[in-house]
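Summary of structural features
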Amino acid sequence: MMKSLVALIALLSLALSAGEETKPAGRPNILWLVSEDNDTFLGCYGDPIAKTPTLDKLAREGILFERCFAMPVCAPSRFTLISGMYPTTCGPAQHMRAQGKIPSWLKGFPAYLRDAGYCTSNNAKTDYNSPISVKEAWSECGKQAHYKNRTGSQQQTEAARGTVPPFFSVFNHEVTHESCLFPLNKQPTFDPAKMRIPPYQPDTPEIRADWARYYTCMQEMDGQIAAKLKDLADAGLAEDTIVFYYSDNGGVLPRSKRFLQESGTHVPLIVYFPPKWRHLAPAAPGTRVKEPVHFVDFAPTVLSLAGVKIPEYMQGRAFLGPAKAEPNEFVFCTRDRMDERYDMMRSAMDSRWLYVHNYRPDLPYVQPLEYMFRARGYQSWARAAREGKLTPATTMFWGQKPTEELYDMQNDPDSVKNLAADPAQRETLQRMRAALEKRIIANKDNGFLPEGSELEGYEASHAADAFPIERVLATANLASERNVANLPKLIEALDDPCEAIRWWGAQGCTMLREKAASAEAALRKALSDKSGAVRIAAAEALARQGKLDLAMPVLEHWIGQKEPKAFIMQAGNVLDRIGEGARPLIPAMKKAFESSAPAAAGSYAPQHILKRVVDVLEGREMQMVYP
């Protein structure tokens with residue numbers, strides 16, 4: 001009897017041990033392989049031209065996310081990734097090349113992994129658009145950073161116990177970056193004649209060549225990913241490592257990067273789980289996930305996979321691991337200042353629909369950003385516009401914008417058929433609009449503040465009653481409608497105690513142009529507003545009414561300043577939009593540019609736009625032609 005009991009206990013022990021083996025001890029390594037500036041130009045996403053065998057195999061053996069969305073440009077995207085927060089919560093982090101004002105407690109999420117015993121390495125991009133501490137986040141950061149370098153003071157205690165710390169490691173691949181289109185001597189291995197040109201782009205030789213170059217770079221990037229995966233296997237770490245592949249924002253061919261259409265925000269995401277860690281996966285290998293995910297979800301997801309508690313302040317949801325949350329119904333993207341050019345758009349996506357609200361619909365989609373126009377495809381698009389050779393579809397994204405856009409991403413992946421005015425989609429439009437406005441309010445969206453405002457930043461904008469976002473949003477919505485019936489409310493807004501409401505009142509008058517003539521008295525008063533941004537916006541509104549004599553002194557004052565840089569940039573943008581009317585300020589603009597530091601020659605410096613205005617007026621650059 002006793003022998004039988006002992007045997008039974010032994011069998012139960014073996015059974016329990018076998019069950020425990022399905023959930024291995026320890027924690028997984030996590031590897032991020034990141035490419036720059038590419039949409040889903042991969043075979044595994046159904047692209048018939050792409051040659052990406054490595055990533056196609058990774059997708060077959062891993063999980064492919066069909067609807068992953070990123071901010072449309074790198075620096076705000078990287079803020080979102082490192083923080084787990086939307087950049088609009090920590091203005092001005094939503095602008096390209098800014099310095100977000102973060103709360104004192106915010107740190108890059110890899111710091112939580114370090115606290116849990118992970119070695120974290122980043123090779124090599126930071127570019128977080130904020131003062132998030134690189135030293136706190138990363139055990140090692142730079143061109144030589146590598147998971148193989150897991151030696152150092154942080155790991156000495158664990159090493160002394162005979163254990164090897166798990167790693168979280170990032171490698172960035174720049175071969176597909178926008179700048180890959182610039183060199184004249186980069187020869188494509190793809191045939192330009194066989195490229196598919198989407199309907200929103202003109203079919204020019206330059207654009208065909210850019211597509212061929214880009215597929216060539218994508219193929220090269222696939223080879224670089226293959227090398228990284230081989231390194232992992234050769235190091236004997238493949239079976240212990242969960243691998244993410246994704247792109248940092250949408251593609252760089254015309255009307256992609258910087259734009260909120262699907263071509264600018266839809267990015268590939270593949271996650272591979274080795275058999276040892278497959279219990280953390282949401283589904284079987286080869287599964288394609290249709291629910292939308294966003295970069296704001298990446299930080300909590302990695303913490304979930306590592307078994308680290310997710311901080312409550314993070315705004316994303318874990319989509320993998322033990323802390324996996326319910327799938328997103330909606331995800332959200334933003335566009336604000338890109339380099340030296342202002343614009344403002346907000347978007348919401350679900351698994352099918354893309355909704356965009358344009359808060360400056362009077363501004364053209366395509367603005368002459370200095371860096372963007374180094375691409376010959378964009379130059380050819382501008383040439384076709386000057387020559388009157390654009391089709392209705394290619395003209396659509398070259399001129400002014402509708403206030404609202406609604407696209408069916410299933411049936412219209414090129415985002416060319418705007419259904420916002422379609423009565424059959426009224427319910428969808430209202431649902432998407434409501435979701436976006438709810439997120440704007442929850443974020444205390446700092447894009448609704450003028451850049452340079454004292455209210456920018458997490459702590460200032462979240463202070464009680466300091467930033468009445470509901471009222472500000474309501475005013476911005478009225479302004480963006482460009483409806484003259486809203487003018488009385490816009491005039492009233494010009495006298496509001498809140499800077500942001502006064503700013504939107506002035507911008508609304510600008511968008512109405514000469515129809516806002518009855519606002520002249522209120523706008524004259526706003527020229528002496530205590531906010532520089534309001535003064536500049538009022539000057540533009542008056543200039544649009546032909547009152548250049550009132551507008552020019554205000555703009556001349558600000559371009560002659562050294563600080564705040566945001567106000568110099570805003571005044572320069574207004575002068576560029578005024579065009580020929582800015583000619584009297586050529587001497588002042590030259591003085592401002594020539595007296596600035598050498599770094600001001602760069603496209604992110606506020607004085608750069610002044611140089612372009614002068615170059616256009618003096619015939620050294622072509623004035624953009626908008627049909």
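Residues numbered from 1 in each chain as written. Predicted model: local features only at pLDDT ≥ 70, side-chain atom pairs only at ≥ 80, totals over all residues. Heavy atoms only, no water.

1. With respect to the confidence of the model for the protein
Taken residue by residue, the protein gives an average pLDDT of 92. The fraction at 70 or more is 93%. Below a pLDDT of 50 lies the segment residues 1–22, which in the model reaches one contact outside its immediate sequence neighbourhood of four places, other chains included. (pLDDT = per-residue confidence, 0-100. Contact = heavy atoms within 4.5 Å.)

2. Quick word on helix H12 (residues 426–443)
Between its terminal C-alpha atoms H12 stretches 26 Å, which fits the 26 Å expected from 18 residues at 1.5 Å a residue. Restricting attention to buried positions, one finds in H12 the residues Thr-428, Leu-429, Met-432, Ala-435, Leu-436, Ile-440 and Asn-443. Buried residues along H12 cover an arc of 135 degrees about the axis, so they all sit on one side. Exposed residues on H12 whose side chains face more than 90 degrees from its buried face are Arg-426, Glu-427 and Lys-438. (Helix = DSSP H or I, 4+ residues; strand = E, 2+ residues; numbered from the N terminus. Expected span 1.5 Å × (residues − 1). Buried < 20%, exposed > 50% of the residue type's maximum accessible area, 1.4 Å probe, protein only. Arc of directions from axis to C-beta.)

3. Concerning the packing of aromatic side chains
For the structure on display, the rule yields 33 aromatic pairs. Seen from their ring centres, Tyr-378 and Trp-381 are 6.3 Å apart, and the 25 degrees between their planes marks the pair as stacked. Within this pair, Tyr-378 and its partner Trp-381 are both found in helix H10 (residues 376–386), separated by three residues, close to a single helical turn. An aromatic cluster is built from Trp-32, Phe-65, Phe-109, Trp-138, Phe-168, Phe-244, Tyr-246, Phe-295, Phe-298 and Phe-319, whose rings are joined through pairwise contacts. Here the guanidinium or amino end of Arg-255 rests over the ring plane of Phe-397, the centre of that ring lying 4.5 Å away. Its guanidinium or amino end placed over the ring of Tyr-342, Arg-337 lies 5.9 Å from that ring's centre, counting from NZ or CZ. (Phe/Tyr/Trp six-rings, centres within 6.5 Å; stacked < 30°, edge-to-face > 60°. Lys NZ or Arg CZ within 6 Å of the ring centre and 35° of its normal.)

4. Some points on the layout of surface pockets
Taken as a whole, the largest pocket spans an internal volume of roughly 660 Å³. Here the residues of the lining of the largest pocket sort into 12 nonpolar, eight polar and nine charged. (1 Å grid on protein atoms, 1.4 Å probe; cavity = no way out; pocket = protein on both sides within 12 Å on 5 of 7 lines; lining within 4 Å. Points joined across faces, edges and corners; volume = space filled by probe spheres on them. Nonpolar A, V, L, I, M, F, W, Y, C, P; charged D, E, K, R; others polar.)

5. Re the packing of helix H21 (residues 586–594) against helix H22 (residues 606–617)
Relative to each other, H21 and H22 sit at 140 degrees, their axes nearing to 9 Å. In this view, H21 runs oblique relative to H22, as classed from their interaxial angle. Of the two possible hands of crossing, H21 and H22 adopt the one that is left-handed. Within the contact between the two elements, H21 uses Ile-586, Met-589, Lys-590, Ala-592 and Phe-593 and H22 uses Gln-607, His-608, Leu-610, Lys-611, Val-613, Val-614 and Leu-617. Its residues placed into classes, the contact of H21 with H22 shows eight nonpolar, two polar and two charged. (Axes fitted to C-alpha atoms, helices over the stretch in contact; angles between N-to-C directions. Parallel < 35°, antiparallel > 145°, perpendicular 65-115°, else oblique. Left-handed = near helix turned anticlockwise from the far one by under 90°.)

6. As for the pairing of strand E13 (residues 404–408)
Extensive coverage of E13 is indicated by the burial of five of its five residues. In E13, alternate side chains face the same way, and those of Glu-404, Leu-406 and Asp-408 on one face and Glu-405 and Tyr-407 on the other are all buried. Pairing analysis gives five bridges linking strand E12 (residues 353–358) to E13, with the strands arranged antiparallel. When the bridges of E13 are listed, Tyr-355 appears paired with Leu-406. (Pairing = 2+ DSSP bridges.)

7. Some points on empty space enclosed by the protein
Here the structure, examined in full by the defined rule, presents five cavities of 30 Å³ or more. When its volume is computed, the largest cavity comes out at roughly 300 Å³. Considering the residues around the largest cavity, the lining is formed by 23 residues, among which Tyr-342, Arg-360, Trp-503, Gln-507 and Gln-570 are closest to the centre. In this structure, the second largest cavity occupies an estimated 150 Å³ of space. Lining of the second largest cavity is provided by 13 residues; of these, Trp-32, Arg-78, Leu-81, Val-170 and Tyr-246 occupy positions nearest its centre. Taken together, the elements giving at least two residues each to the lining of the second largest cavity come down to strand E1 (29–35), helix H3 (74–83) and strand E5 (167–173). Considering each element in turn, the lining of the second largest cavity owes the most residues, three residues, to H3. Taken together, the residues of the lining of the second largest cavity sort by class into eight nonpolar, two polar and three charged.

8. Observations regarding the side chain of Gln-545
As for its position among the elements, Gln-545 is in the loop between helix H18 (532–544) and helix H19 (548–559). In contact with Gln-545, not counting residues within four places along its chain, are Arg-513, Glu-514, Ala-516, Ala-517, Glu-520 and Leu-523.

9. A look at the sheet that holds E12
With antiparallel pairing, four strands are arranged side by side in an open sheet as E10-E11-E12-E13. Lying at the two open borders of the sheet, with one neighbouring strand each, are strand E10 (331–335) and E13. Ignoring strand direction, the axes of neighbouring strands in this sheet form an average angle of 15 degrees.

10. What about the nonpolar core?
Among the nonpolar cores identified, the biggest contains 152 residues, and Val-366, Phe-448, Trp-504, Leu-555 and Met-589 are the most heavily contacted of them. Sorting elements by how many residues they give to this core places helix H7 (residues 205–234) first, with 10 residues. Among all residues touching Leu-555, those that are not within four sequence positions of it are Ile-536, Ala-539, Ala-571, Val-574, Leu-575, Ile-578 and Leu-585. Judged by nonpolar contacts, the second largest core, of 49 residues, contains Phe-79, Ile-132, Trp-277 and Leu-320. (Core = buried A, V, L, I, M, F, W, Y, C linked by side-chain atoms within 4.5 Å.)

11. Details of the environment of Trp-398
Structurally, Trp-398 can be placed in the loop between helix H11 (392–396) and E13. The exposure class assigned to Trp-398 is buried, which follows from its relative accessible area of 0%. C-alpha of Trp-398 to C-alpha of Ala-385: the two residues are 13 residues apart in sequence and 8.3 Å apart in space. In terms of polar contacts, Trp-398 uses its side chain to reach the backbone carbonyl oxygen of Val-625, at 2.7 Å. (Polar contact = N/O pair within 3.5 Å; in protein donor to acceptor, adjacent residues only side chain to side chain.)

12. A word on the pattern of salt bridges
As enumerated under the stated definition, the model contains 49 salt bridges in all. With a shortest N-O distance of 3.0 Å, Asp-343 and Lys-401 are connected by a salt bridge. Of this pair, Asp-343 sits in the loop between E10 and strand E11 (345–349) while Lys-401 sits in the loop between H11 and E13, placing them 58 residues apart in sequence. With respect to class, Asp-343 is no different from Lys-401; both count as buried. With a closest N to O distance of 2.7 Å, Arg-346 and Asp-445 form a salt bridge. Of this pair, Arg-346 sits in strand E11 while Asp-445 is found in the loop between H12 and helix H13 (458–461), placing the two residues 99 residues apart along the sequence. Taken together, the salt bridges that share partners define one network made up of Glu-36, Arg-78, Arg-97, Lys-125, Asp-127 and Asp-248. (Salt bridge = Lys/Arg side-chain N within 4 Å of Asp/Glu carboxyl O.)

13. So, the side chain of Asp-210
Position of Asp-210 relative to the elements: it lies in helix H7. Contact partners of Asp-210, with chain neighbours within four places excluded, come to Leu-181, Leu-253, Ala-375, Arg-376 and Gly-377.

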